[in-house]
Structures are given as C-alpha cells and as structure tokens.
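Geometric and topological summary
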Amino acid sequence: MNGPFDFTLGLGDDALVAAQRLAEWTTRAPEMEEDIALANIALDQLGAARLLLTYAGELEGAGRDEDALAYLRDDREFRNALLVELPNGDFAVTMAKLFFLAAYQLPLYSALAGCADERLAAIGAKARKESAYHLDHGALWVKRLGDGTEESHRRMQSAVDEVWPYTHELFAADPAAPVDPATLRPAFDDTVGSVLAEATLTKPEGPWAPAGGRTGVHTEHLSYLLAEMQVLHRAHPGARW
Amino acid sequence: MSEPTSREQTPLWEVFVRARRGLSHTHVGSLHAPDAELALRNARDLYTRRQEGVSIWVVPAGAITASSPDEKDAFFDPAADKVYRHPTFYEVPDGVAHL
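Residues numbered from 1 in each chain as written. Chains lettered and ligands numbered in written order. Predicted model: local features only at pLDDT ≥ 70, side-chain atom pairs only at ≥ 80, totals over all residues. Heavy atoms only, no water.

A word on the interface of chain A and chain B
Contacts between the two partners involve 13 residues from chain A and, on the opposite side, 15 residues from chain B. Linking chain A with chain B are 3 salt bridges, by the criterion used here. In this structure, Glu-37 of chain B and Arg-144 of chain A form a salt bridge, with 2.7 Å as the shortest nitrogen-oxygen distance. Breaking the side of chain A that touches chain B down by element, the ones donating at least two residues are α2 (32-60) and α6 (118-146) of chain A. Tallied by class, the residues present in the side of chain A that touches chain B amount to 8 nonpolar, 1 polar and 4 charged. (Contact = heavy atoms within 4.5 Å. Salt bridge = Lys/Arg side-chain N within 4 Å of Asp/Glu carboxyl O. Helix = DSSP H or I, 4+ residues; strand = E, 2+ residues; numbered from the N terminus. Nonpolar A, V, L, I, M, F, W, Y, C, P; charged D, E, K, R; others polar.)

Notes on the confidence of the model for chain B
For chain B, mean pLDDT is 85; residues scoring 70 or higher make up 91% of the total. Two summary scores accompany this predicted model of the complex, namely pTM at 0.88 and ipTM at 0.70. (pLDDT = per-residue confidence, 0-100.)

Observations regarding helix α7 (residues 150-163) of chain A
Residues and elements named next belong to chain A. Counted at 1.5 Å a residue, the expected span for α7 with its 14 residues is 20 Å, and the 20 Å between its end C-alpha atoms agrees. Within the span of α7, buried status applies to Ser-152, Met-156, Gln-157, Ala-159, Val-160 and Val-163. Projected down its long axis, α7 shows its buried positions confined to an angular sector of 160°, all on one face. Tucked into the core, α7 has its buried residues touching α4 (82-85), α5 (91-113), α6 and α8 (185-198). (Expected span 1.5 Å × (residues − 1). Buried < 20%, exposed > 50% of the residue type's maximum accessible area, 1.4 Å probe, protein only. Arc of directions from axis to C-beta.)

Structural notes on the nonpolar core
Generally speaking, a soluble globular protein has its nonpolar side chains buried in company with each other. Residues and elements named next belong to chain A. Core analysis: the largest hydrophobic core is formed by 83 residues, its most contacted members being Phe-100, Tyr-104 and Met-156. For this core, the element with the highest residue contribution is α5, accounting for 15 residues. In contact with Met-156, other than residues within four places in its own chain, are Ala-92, Ala-96, Val-142, Leu-145, Gly-146 and Leu-201. (Core = buried A, V, L, I, M, F, W, Y, C linked by side-chain atoms within 4.5 Å.)

Observations regarding unusual backbone geometry
Residue and element names in this part refer to chain A. Of note in the backbone geometry, Thr-27 takes a positive phi value of approximately 75° without being a glycine. With respect to the element layout, Thr-27 can be found in the loop between α1 (3-23) and α2. Positioned with a positive phi, Thr-200 is a non-glycine residue whose angle comes to about 55°. Here Thr-200 shows up in the loop between α8 and α9 (221-235). A relative accessible area of 41% places Thr-200 in the partly exposed class.

The following block contains the structure:
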C-alpha cells in the first residue's frame, strides 16, 4: 500500500462491502430481531464507509466523491480485504465473518482515534463504539452456536475453519500507514482466543493465508456483489429518491 | 422438518425502557430471544435505535403476573366513587407553585 489514500480507501471498502453483504440478510435472517440487528450493523458499516470514502476522495484530490468511489469503480480497483467479500454462507459463516471483522476493526478504530490525522481520528472515535457492539453481537452468537447443540457446534467450527485463513490479510504490515495493521494482531488474537475457548471451538492452524484484496486481486464473489450494488447508479447516474 | 421453528424455541420477553434519567422504565413492547443477554441486545436494536432510552430492562413474559380483564370490575370500579382520595379538598397555600 501507498500512503494515506490507499489506507483510507482500503478501510472504506472493507466497511462498504461488509455493509452490502450484511444487508443481504435483510428479510432473510433466522429471527425478526436478528434481522434488525444485522441491518443495524450493516448501516453502521455503511456510515463508516461513507466517511472513509469521502475522505479518501479528498486525499486523492481527483474530484471523486463517495458515490464515485462506491459506484464507479470495478472490482480490480477495490481495496477491501477478501474476508468481507466472501459469501454469507449459513448463519454461522456470517457470524464468523462478523466476529473476525469486528475483532479487527475495534482495535483498528481505537488506534485511529489516537492517530495524528485529525479526520481519521474523528472517524475512528465514532466508529469504535459501533465496532464494540458488532464485536459483542458476533461474539455472543459464536459462543452460543459453538457451545450449543451438536449440530450448531459442528456448523460454527466449520465456519471458523472456513473463514479463519482470510483473517491474516487484515494484519499485513504497512509501517507507513497511519496505523500499521500488524500492530493490531495481539489485540485480535486475545479477543479471538478467549471467545473461541469459551465457545468450545478450536482455533484453526495452518499456513494458508489468501490475500490480494488490498492490491485489487479479489475472489470471483466481489464482482457479483458490485454488480448488484452498482447497477442502479450505473443505469441512472445521479439517481435520487 | 419436524424440528420446532426458532419462534417456538425462543421465549417471549417484555421490554421496559427508561427514556432519560429521572423517569421510570416504561413498557415499550415485547420480543423473542433465546436468553436474557440476547433479549437485552435485541431490545437495544428494536427499541432504542432512535435514541429512545438510556436504560433497558427485559423481563421474561412468563414472570409477569397480570390482572385479568375479568377482574376489571372488582379491581378498579370500587375506586370510582371515592373522590375523597384525590387531594382536592384543601386550599393550596400561596407560594407553593410546584406542589
């Protein structure tokens, strides 16, 4: 990565793509209450995405606003981590993704809140409270499913195993960034270790660590997500309610 | 599928929200949740997303003992003709603006 623009764009894209994926649960969640919780979390992510992408556009200085960045880039221009673009899978996979993302975003936004860049500090200060709630929500489901029935344990362990390799990309070192993601790893490992232990789940091991999202090399899933997210704006540029 | 639906598995909770400091918790509605912690989280999402409150209680609906509509007459009507229970039979002294 290269400078505050790429860094900010990457965080904004994480939040935007996570919001779009979570919104797919709307009207489909296992319970009405959970439906609203996931929509709330999606809206929190969207709010953070708007602030980050707006600021990224200003840092770039090429006249692109949040809409231009969200709706008029192709998949190779997106800088989100692969974790957030993975399909939702079953509810356990969604909770594993949410839990890992929040366990990364909470220390990230907390660190940003104290960084030298005032805009990023303000965004971090706002978003970290939301992330604390996302982490709480994800963790309580990981615990309940992991330490629930035989079937829920099987599914939760399988979800954790499936998603885990994608978490490594979040912590790729970038010493020049306002917050070096590598410094967030200990807090993440602490959170994940204690929640998985309480959930009677096994922390996966193994060397496989897919990456590429931060340089625009994505899984095939992202372009389908973008197609749905961008179709209206591309068909009717500047459309308003 | 013979498994019960999630709706049948999850008990009902009554939700009480305190709008701000100094006010009482007020009943705002009910929701389903498998346990108290989730009930509290769900209540936060369902009932305080527009800054309606500063504190939430959740109570298992089964733990509430309610008066029955059949008992309405016996419960409430006897109070109807006892106007002397209202504090309206004495003069309010001057200068007591906020009694």
